[in-house]
Amino acid sequence: MLCKTDGVVLKQTKFGEGDLILTLFTKKMGKVQAVAKGVRRSRGKFTGSTQLFAYGEFVLFKGRDLYQVSQVDLKESFYQLREDITKLTYGAYILELTESIITEGQTNNRLFHSLLSCLSVLAKMEKAYETVVKAYELKLLSYSGYKPELDRCVYCGKAGESVIKFSSKEGGTICRSCFGQDIYAMRISSTTINVMKYLMNTDLEQIARLRVKSDIMEELNKILKHYISTHLEKSKFKSLQFLDTMKEIHNT
Ligand SMILES: [Zn+2]
């Protein structure tokens, strides 16, 4: 059985003598693992289209167990993501995060388009990548069933109460009268709530021009990190650990 679908390479794993197993986010089938035969021996056949970030039209053949890549028409390699180590690491994190939330056989068009837009915006940027990455995290969560509730209290349901905390467990804000309900809930300011709403509802091109104050960014970072690790099976991202190490080196 042959299947033709647009897809992005999220992950590569060495397989056998000269093969690679690619983890793809495809438009028609969600997450797919497919073997690219012989790529590690001769790059010629697929010319860059099996590298991380590669976006193209994949022709996949269903073998006995795994899919096999029979042809790729490369549309975009996002090569500029490789221009700088910080940008590359954020790019790698975006792939890792996406890989951990998508599932086999389940399409997610909004997330697929957000991923492409995120990679293309990051590729063109030269600094201050963090806001775009935070916006992508929020969009990914929203499109995968974890949209945070920011307009009312997740415990009493009242809107317009003064909000003081964010509960990762319940996925939203908690008002002053209910704040004891989740002992792990984290403090959140009204500015951070507004920034989160803006990031969820604005396209990434526009967000690339936005500057968020460092204290707000710090709060947002803490909340999203906790929220992601509460709901995704994976909480340790290799790329993020690397970024933290780089930040430490930079600050000392
Ligand atoms: Zn409440």
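Residues numbered from 1 in each chain as written. Predicted model: local features only at pLDDT ≥ 70, side-chain atom pairs only at ≥ 80, totals over all residues. Heavy atoms only, no water.

**Side note on the pattern of salt bridges**
Within the structure shown, the criterion is met by seven salt bridges. Here Glu-83 ties to Lys-87 by a salt bridge, and the two come within 3.6 Å at their closest N and O atoms. For Lys-87, a relative accessible area of 2% translates into the label buried. Between Glu-205 and Lys-124 there is a salt bridge, with the nearest N and O atoms lying 3.4 Å from each other. With a gap of 81 residues between them, Glu-205 in helix 5 (residues 204-207) and Lys-124 in helix 2 (residues 109-124) connect regions that are remote in the sequence. Under the relative-accessibility criterion, Lys-124 is labelled exposed at 52%. (Salt bridge = Lys/Arg side-chain N within 4 Å of Asp/Glu carboxyl O. Buried < 20%, exposed > 50% of the residue type's maximum accessible area, 1.4 Å probe, protein only. Helix = DSSP H or I, 4+ residues; strand = E, 2+ residues; numbered from the N terminus.)

**Focus: the nonpolar core**
Counting 55 residues, the largest nonpolar core has Leu-115, Leu-119, Leu-122 and Val-132 as the members making the most contacts within it. Going through the elements one at a time, strand 1 (2-15), helix 1 (85-101), helix 2, helix 3 (130-143), helix 4 (190-201), helix 5 and helix 6 (214-231) are the ones with two or more residues in this core. In terms of residues, this core owes the most to one element, helix 2, which gives nine residues. Not counting chain neighbours up to four residues away, the residues in contact with Leu-122 comprise Leu-81, Lys-87, Gly-91, Ile-94, Tyr-129, Val-132 and Val-133. Counting residues in hydrophobic clusters, the runner-up holds 17 residues, among them Val-9, Leu-20, Ala-34 and Leu-60. (Core = buried A, V, L, I, M, F, W, Y, C linked by side-chain atoms within 4.5 Å. Contact = heavy atoms within 4.5 Å.)

**Notes on the coordination of the zinc ion**
Those protein atoms acting as donors to the zinc ion are Cys-153 (SG), Cys-156 (SG), Cys-175 (SG) and Cys-178 (SG), and they sit at 2.3 to 2.4 Å. One can describe the site at the zinc ion as tetrahedral: its four donor atoms subtend angles covering 104 to 113 degrees at the metal. The sequence pattern describing where the donors of the zinc ion fall on their chain is C-x2-C-x18-C-x2-C. One end of the pair, Cys-156, is in the loop between helix 3 and strand 6 (163-167); the other, Cys-178, is in the loop between strand 7 (172-175) and strand 8 (186-187), with 22 residues separating them in the sequence. (Donors = N, O, S within 2.8 Å, 3.2 Å for Na, K, Ca; no water. Tetrahedral: all angles 85-135°; square planar, octahedral: opposite > 155°, others 65-115°.)

**Let's talk about the packing of helix 2 against helix 3**
Taken N-terminus to C-terminus, the directions of helix 2 and helix 3 make an angle of 175 degrees; their axes are 10 Å apart at the nearest point. Between helix 2 and helix 3, the crossing angle belongs to the class labelled roughly antiparallel. The residues of helix 3 that touch helix 2, namely those facing Arg-110, Leu-111, Ser-114, Leu-115, Cys-118, Val-121 and Leu-122, are Val-132, Val-133, Tyr-136, Lys-139, Leu-140 and Tyr-143. Considered class by class, the residues forming the contact of helix 2 with helix 3 number ten nonpolar, one polar and two charged. (Axes fitted to C-alpha atoms, helices over the stretch in contact; angles between N-to-C directions. Parallel < 35°, antiparallel > 145°, perpendicular 65-115°, else oblique. Nonpolar A, V, L, I, M, F, W, Y, C, P; charged D, E, K, R; others polar.)

**Some details on the domain arrangement of the protein**
Examined at the domain level, the protein breaks down into domain 1 (2-76) and domain 2 (85-148 + 180-251). Each of domain 1 and domain 2 has a C-alpha centre, and these two points are 26 Å apart. Every contact between the two is made by 18 residues of domain 1 and, on the other side, 20 residues of domain 2. Interface of domain 1 and domain 2: buried area, both sides summed, is about 1600 Å²; carbon and sulfur atoms make up 76% of it. The interface formed by domain 1 and domain 2 holds one salt bridge in total. Across the salt bridge formed by Lys-31 and Glu-99, the nearest N and O atoms sit 3.2 Å from each other. Looking at the side of domain 1 that touches domain 2, the elements that each hand over two or more residues are strand 1, strand 2 (19-26) and strand 3 (30-36). Here the side of domain 1 that touches domain 2 gets six residues from one element, more than from any other, and that element is strand 1. (Domains from an automatic or database assignment. Buried area = accessible area lost by both parts, 1.4 Å probe.)

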